[in-house]
Amino acid sequence: MTIPASASSPQLTAPATAAADNPVLSVPPAAPAEAAAYFAASLAFHTDVSDVAAALAAGGHGFTLVDTRSTQAWDQGHIPGAVHLPTAIVPDLAEEVLDRDVPVVVHCWGPGCNGAARAALALATRGFRVKEMLGGIEYWIREGFAYETYEGGQRRTADPLTAPVGADDCGC
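What comes next concerns the included structure.

## Overview of the pattern of salt bridges
- Taken as a whole, this structure holds four salt bridges when the rule is applied.
- Taking the shortest distance from any N to any O, the salt bridge between Arg-69 and Asp-67 comes out at 2.7 Å.
- The salt bridge involving Arg-142 is made with Glu-138; its shortest N-O contact spans 3.3 Å. Here Arg-142 pairs with Glu-138, and both are found in helix H7 (residues 136-142), just four residues apart, close to one helical turn.
- Three or more residues joined by partner-sharing salt bridges are found here, namely Glu-138, Arg-142 and Asp-159.

Here it is in structure tokens:
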């Protein structure tokens, strides 16, 4: 006999059926050791704008920040202290512009662009240690960090959907 679910009574469902009907759990979570290995690897490949901003603000950050966008995009706005090395010319100029002994953090426009991933691949295949800055210049600006344009320094108010209002960092 099936008992109908209502607002006042909990739904009675077997755990196996619940997982099969639940798009989140239809593929079960990885075992803790596998999850730990995956997330540790992810952090070896990625960083985020808040961490980069904190490192740059602290000085002596130990990496080179590389903006992989076009010259037109660079002129529109870039992170102070970044090196401009467009993805298309990474294979030709990386050896001349970057120090192989210093880790590289690359970024492009934002989450919808894979230019930084392509630049990171080109750098890694040439022997550079590299991470990708998640969010790119879009999230740098959306989180309220300063940037430079051909007209000078700029800064926007942080977008409350990407950073807590009135806080120095995201608290992650």
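## Here we look at the pairing of strand E5 (residues 130-134)
- Pairing of strand E1 (residues 46-48) with E5 involves three bridges; the strand directions are parallel. Looking across to E5, one finds that His-46 is bridged to Glu-132.
- Here strand E4 (residues 104-107) runs beside E5; their pairing, made up of three bridges, is parallel. In the strand pairing of E5, Val-106 is matched with Glu-132.
- One crossover worth recording links E4 to the parallel E5 by way of helix H6 (residues 115-125), and it is right-handed.

## What to know about the packing of aromatic side chains
- With the rule as written, the count across this model stands at two aromatic pairs.
- Between the aromatic rings of Tyr-38 and Phe-39, the centroid separation amounts to 5.0 Å while the plane-to-plane angle is 80 degrees, which identifies the pairing as edge-to-face. As far as burial versus exposure is concerned, Tyr-38 and Phe-39 are alike and both exposed.
- A centroid spacing of 4.9 Å and a plane angle of 45 degrees characterise the contact between Trp-140 and Phe-145, whose relative ring orientation is tilted.
- Looking at Trp-140, the relative accessible area reads 4%, which means it is buried.
- Residue class for Phe-145 comes out buried when judged on its relative accessible area of 15%.
- Positioned above the aromatic ring of Trp-109 is the side chain of Arg-69, whose terminal nitrogen or guanidinium carbon lies 4.6 Å from the ring centre.
- Positioned above the aromatic ring of Phe-128 is the side chain of Arg-100, whose terminal nitrogen or guanidinium carbon lies 4.6 Å from the ring centre.

Cut-offs and rules
- Residues numbered from 1 in each chain as written.
- Predicted model: local features only at pLDDT ≥ 70, side-chain atom pairs only at ≥ 80, totals over all residues.
- Heavy atoms only, no water.
- Salt bridge = Lys/Arg side-chain N within 4 Å of Asp/Glu carboxyl O.
- Helix = DSSP H or I, 4+ residues; strand = E, 2+ residues; numbered from the N terminus.
- Pairing = 2+ DSSP bridges.
- Right-handed = clockwise from strand over helix to strand, strands pointing away.
- Phe/Tyr/Trp six-rings, centres within 6.5 Å; stacked < 30°, edge-to-face > 60°.
- Buried < 20%, exposed > 50% of the residue type's maximum accessible area, 1.4 Å probe, protein only.
- Lys NZ or Arg CZ within 6 Å of the ring centre and 35° of its normal.

Spatial relationships are all this shows, so hold off on functional conclusions.
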